[in-house]
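Next come the chains, spelled out residue by residue.
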Amino acid sequence: MPTIKEVARKAGVSIGTASNVINGKKVNEALRVSVEKAIDELNYTPHAVARSLKSNKTYNIALILPSLMDTYLSEFIKNTSRILQEIGFNISLYFTNNIPDDENRALESVMQRRFDGAVLYSSQTERSARIKELHHSLLPVVYLEKECMHGEDVNFVAFDNHLAVQEALKYLSEMGHNRVALISSENSYSDWTLIRGYHDALLKFGITIDERLVRIVEATKENAFKEMFSLLQMAFPPTAVILSNKAMTDGIYEAAYFNNITVPDDLSIVTLSEKTWLKHGKLLHTAIERPVEEFSRVVCELLVNNMRKPKMFEPGKHYIKTKLVIRGSCAPVSLKEINIGGIQYRENITALLLESPAAYAIRQLLPHFKDKFSVNVKIEMLKFKELYSLTEQELVGKSPQYDIFMVDVSRIYAMCKTGSVADITGDIRGGGDFPRKQFIDGLFDSYCCYEGKVFGLPFMPGTQILFYRKDLFADRELKAAFSRKYDADLLPPRNWLEFNKIAEYFTLGLNSSPTPYGITMAGKLPVFITNEFCSREWAYGARSFDEVGNVAINSSESINALKNFIQSYSYAPPWAFENDWDGEISDFCSGQCAMMIQYESHSTQISSQMRRDLRGCIGYDLVPGGNPLLGGWSLVVNRYSKKRKEALDFVKWACSQELAIPYSILGGTTAWKSYYKSADLNILYPWLDVAYRSYKLARKRSSPYRGGPTIIKQGEYEEILGEEIKKAITGEISPEECLKNAEVRLKALLN
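Residues numbered from 1 in each chain as written. Predicted model: local features only at pLDDT ≥ 70, side-chain atom pairs only at ≥ 80, totals over all residues. Heavy atoms only, no water.

Enquirer: Even after reading the chapter, I still don't get the overall build of the protein chain, so can you show me in this structure?
Expert: Scanning the protein chain from terminus to terminus reveals 33 helices and 24 strands. The principal-axis extent of the C-alpha atoms belonging to the protein chain is close to 110 × 70 × 45 Å. Restricting the contact set of the protein chain to residue pairs at least 6 apart, pairs at least 24 apart contribute 74%. When the accessible surface of the protein chain is summed, it comes to about 30,700 Å², and 49% of that surface belongs to carbon and sulfur atoms. (Helix = DSSP H or I, 4+ residues; strand = E, 2+ residues; numbered from the N terminus. Contact = heavy atoms within 4.5 Å. Areas by Shrake-Rupley, 256 points an atom, 1.4 Å probe, with all protein chains shown as cover.)

Enquirer: Help me understand the nonpolar core in this model?
Expert: Generally speaking, soluble globular proteins have nonpolar side chains that are buried together. Of all hydrophobic cores here, the largest spans 148 residues; its most connected members are Ile242, Ile288, Ile362, Phe459, Leu635 and Phe650. Residues contacting Ile362, with those up to four places away along its chain left out, are Leu353, Ile379, Phe459, Phe650, Trp653, Ala654, Leu659 and Tyr663. (Core = buried A, V, L, I, M, F, W, Y, C linked by side-chain atoms within 4.5 Å. Buried < 20%, exposed > 50% of the residue type's maximum accessible area, 1.4 Å probe, protein only.)

Enquirer: Which parts of the structure should I look at to understand the pattern of salt bridges?
Expert: Once their charged atoms are close, side chains differing in charge can pair, the charge on each being opposite to the other. Applying the stated criterion to the full structure yields 36 salt bridges. Notably, a salt bridge pairs Asp680 with Lys221, separated by 2.8 Å at the nearest N-O pair. Placement of Asp680 in helix α30 (residues 679-684) and of Lys221 in helix α10 (residues 221-232) is noted, with a sequence separation of 459 residues between them. Using a relative accessible area of 31% as the deciding quantity, one classes Asp680 as partly exposed. (Salt bridge = Lys/Arg side-chain N within 4 Å of Asp/Glu carboxyl O.)

Enquirer: What should I look at first to understand helix α22 (residues 526-539) in this one?
Expert: Each full turn of the α-helix corresponds to 3.6 residues, which orients residues three or four apart in the same direction. The terminal C-alpha atoms of α22, which comprises 14 residues, lie 21 Å apart, in line with the 20 Å expected from a rise of 1.5 Å per residue. Along α22, the helix axis deviates most sharply at Phe533, where the bend reaches about 30°. In terms of burial, α22 is largely enclosed, as 13 of its 14 residues are buried. Just downstream of α22, Gly541 is the residue with a positive phi angle, here 80°. (Expected span 1.5 Å × (residues − 1). Bend = angle between axes of the 7 residues up to and from the residue.)

Enquirer: Could you clarify how one ought to interpret the packing of aromatic side chains in this entry?
Expert: For any pair of aromatic rings, the description consists of the separation of the ring centres together with the inter-plane angle of the planes. For the structure on display, the rule yields 44 aromatic pairs. Here Trp496 and Phe499 contribute two aromatic rings whose centre-to-centre distance is 5.0 Å and whose plane-to-plane angle is 75°, an arrangement assigned as edge-to-face. Of this pair, Trp496 and Phe499 both sit in helix α21 (residues 496-505), three residues apart, which is roughly one turn of that helix. Here Trp496 and Phe499 have matching classes, each one buried. Grouped by ring-pair contacts, the aromatic residues Phe384, Tyr388, Phe528, Trp581, Tyr599 and Trp633 constitute a single cluster. (Phe/Tyr/Trp six-rings, centres within 6.5 Å; stacked < 30°, edge-to-face > 60°.)

Enquirer: How should I be thinking about the sheet that holds strand β3 (residues 117-120) in this particular structure?
Expert: Working definition: the strands of a sheet are paired by backbone hydrogen bonds and lie parallel or antiparallel to each other. The strand order across the open sheet built from six strands is β2-β1-β3-β4-β5-β13, with neighbouring strands paired in parallel fashion. The outermost strands of the open sheet, each flanked by one partner alone, are β2 (90-95) and β13 (317-321). Here the strands of the sheet are splayed against their neighbours by 15° on average, with no regard to which way each runs. Pairing analysis gives three bridges linking β3 to strand β4 (residues 141-144), with the strands arranged parallel. When the sheet's bridge partners are listed, Val119 is paired in β4 with Val142. Against the sheet, helix α5 (residues 71-86) makes contact with β1 (60-65), β2, β3, β4 and β5 (155-160), and its axis sits at roughly 155° relative to β2, the strand it touches most. (Pairing = 2+ DSSP bridges. Axes fitted to C-alpha atoms, helices over the stretch in contact; angles between N-to-C directions.)

Enquirer: How should the sheet that holds strand β8 (residues 240-243) be read in this particular structure?
Expert: What the six strands build is an open sheet, ordered β7-β6-β8-β9-β12-β14; its pairing is mixed. In this open sheet, the two edge strands, each paired with only one partner strand, are β7 (214-216) and β14 (323-325). Averaged over all pairs of adjacent strands, the angle between their axes in this sheet comes to 20°, without regard to strand direction. Bridging between strand β12 (residues 286-290) and β14 involves three bridges; their strand directions are antiparallel. Within the sheet, the bridge partner assigned to Glu289 lies in β14 and is Lys323.

Enquirer: Just to check I follow, could you spell out the pairing of strand β6 (residues 180-184) for this structure?
Expert: Side-chain positions along a regular strand alternate between the two faces of the sheet. Burial runs high along β6: five of the five residues are buried. As judged from the four bridges shared by β6 and β8, these two strands associate in the parallel manner. Looking across to β8, one finds that Leu182 is bridged to Ile242. Direction of pairing for β6 relative to β7: parallel, over a ladder of three bridges. Each residue of the ladder has a partner; that of Ile183, found in β7, is Arg215.

Enquirer: Help me understand the confidence of the model for the protein chain in this model?
Expert: Do not read the fine detail of predicted coordinates wherever pLDDT is low. With 91% of its residues at a pLDDT of at least 70, the protein chain reaches an overall mean of 87. Residue range residues 277-282 is modelled with pLDDT below 50. Its contacts to residues more than four positions away, or to other chains, number 14 contacts. When the criterion is pLDDT under 50, residues 338-344 qualifies, and its contacts beyond four places in sequence or with other chains add up to 20 contacts. (pLDDT = per-residue confidence, 0-100.)

Enquirer: Explain a nonpolar patch on the surface to me, please; I cannot follow it from the model alone.
Expert: Nonpolar side chains collect at one region of the surface, where Leu68, Leu93 and Phe95 lie side by side and expose about 260 Å² of accessible area between them. Tracing the backbone shows Leu93 in strand β2. Judged by relative accessible area, Leu93 falls into the partly exposed class, the value being 39%. (Patch = residues over 30% accessible without salt bridge, like charges linked within 9 Å, V, L, I, M, F, W, Y side chains within 5 Å.)

See below:
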């Protein structure tokens, strides 16, 4: 910023004369005009000028920013705060976490508290009602990076990356790179100019456009890891990548590591960054540099000039130039084949897994296993019911066809007791890599052990969590209407009666609800219905079998639980009986319903599927009644496998602590405590703390298994109970008839 000495020099007067003019003292008219002209030309705004603004000024400036995930925003805050504080302004920071609802609350607060000006980096794709209010309030505002006020004369400052990315692609193409990926964030004008520049450069240099190489995500290292993993496993993966955000860099390196490729020999990286030297280890990064100091200076000059002369000020748009700086993270295209997704290996061992986020995640990580153990793995995936059937068939038949099985936690007991799966006690205890104290309390025993012996490892643990629309529960009008209707506060339900009342309230056909349905349910298979019923059953003091395994389903407590459960279905979509767990997530993420009970093991999909305007609007809590079902799966080795060592290596690798974080980012879940305590992963999956507490309360499903050669009576029990409950839900039979029928059929099963 210019100094008073520069003003005096430009005006051709002494510093004392310039100071007198600035402080409003009487001076010669010609000298006053000369000094004021110099002030305008230099955009000089001293502390005294700030104090000379209208007397009703507060000298407070609001900075409303999405987060500090992009390090350039940290630099921006530092520079902007210094400039404004030097001239007498105080700074108030608001972080919206890229959540529109949080941003609107921040804007409302700013307009209520009387600020002299504001700087807004909006998280919204279109101008919201609150942004319109801010604009029409005539408060001086500078908008950053995103043109959320199209068609209006506003102050706008952004980086222009269009030419810089063209330089980067020219540089990469000259080194032979014709498959260059772009991983960009979704929030700023600069990112969109980056994307436009990317496409223009591909056309300019005659490179075929492949839209699959462009990934638009929230700018975190976890998302970058996930997207780079997907890119590297294409049949023809990229040989270079351009990142729109420095925060993504570590994720790219981790993805490269787990795919056994190196930077820059196999993969070149160009990173958009602030004007500093980026390092990863000893490697200096090729970068598209953003001059943050210049950016901050322009923002402050626009804002201060707008505040000084609001009626005489003409808003302006400024695009700050960036440039490509060549360093060491790029190299000519490697002659080494890295066609990871296209290579077909001869399989040494075969794993039979449930088609699930966890199975897809571990399949993506197989290059790391192959490199580490020199063993190839064929993974076969089946749907829920088919997996149960084939697993029973293979193990009862003592077949060595599959070396590894993914087994539901409720069936571990039966499989261990029949000796169908390998006892790996010595292998686990001797290795020392799986100490129980590093797992969530009790989970190792629940998923792996029988009579003090170890028969597997926890691969995809899952406990039930309540997910709900936090924005709806916080809406003042909805809360007031709920209070009038039910004489109670609108809060996350603590019991199943409250759950149904809230579900009724948020069902459009029954109330003026913003959502069509209060809840979503899963009923595609009888086992889904049985699982959803369990937590109600326990909350009402009921159970399917007593302590010695006798049928106990037909009780007054079970009747009450079932009536409550049937009522819940009246607030669910009519396609609920076509839903599996993925269908429930789709309903919730699309805004169709206000609440959902979901397993943590499937909830990893929420972050990627959630409708953009609803991100950040999701709340999570323990399930009503405090009796969540412990679901999830273990990996076991087939007792009859002829490749026991290789199979055991795979199971230990897939369930290891080393793999816990990358595996979970790709969609899996783990029983390791460190996963639930990770600050980074709590940003990606913010319900992890609730999940951790839920595991402490979770219970296994009852098991009617009493021994003998038949392994999976558990599945038959779930089929029977689910079939009868479905008849009661659809009105074919009464709740009382449902439980009587179930009692008769279950007794016949056990006999």
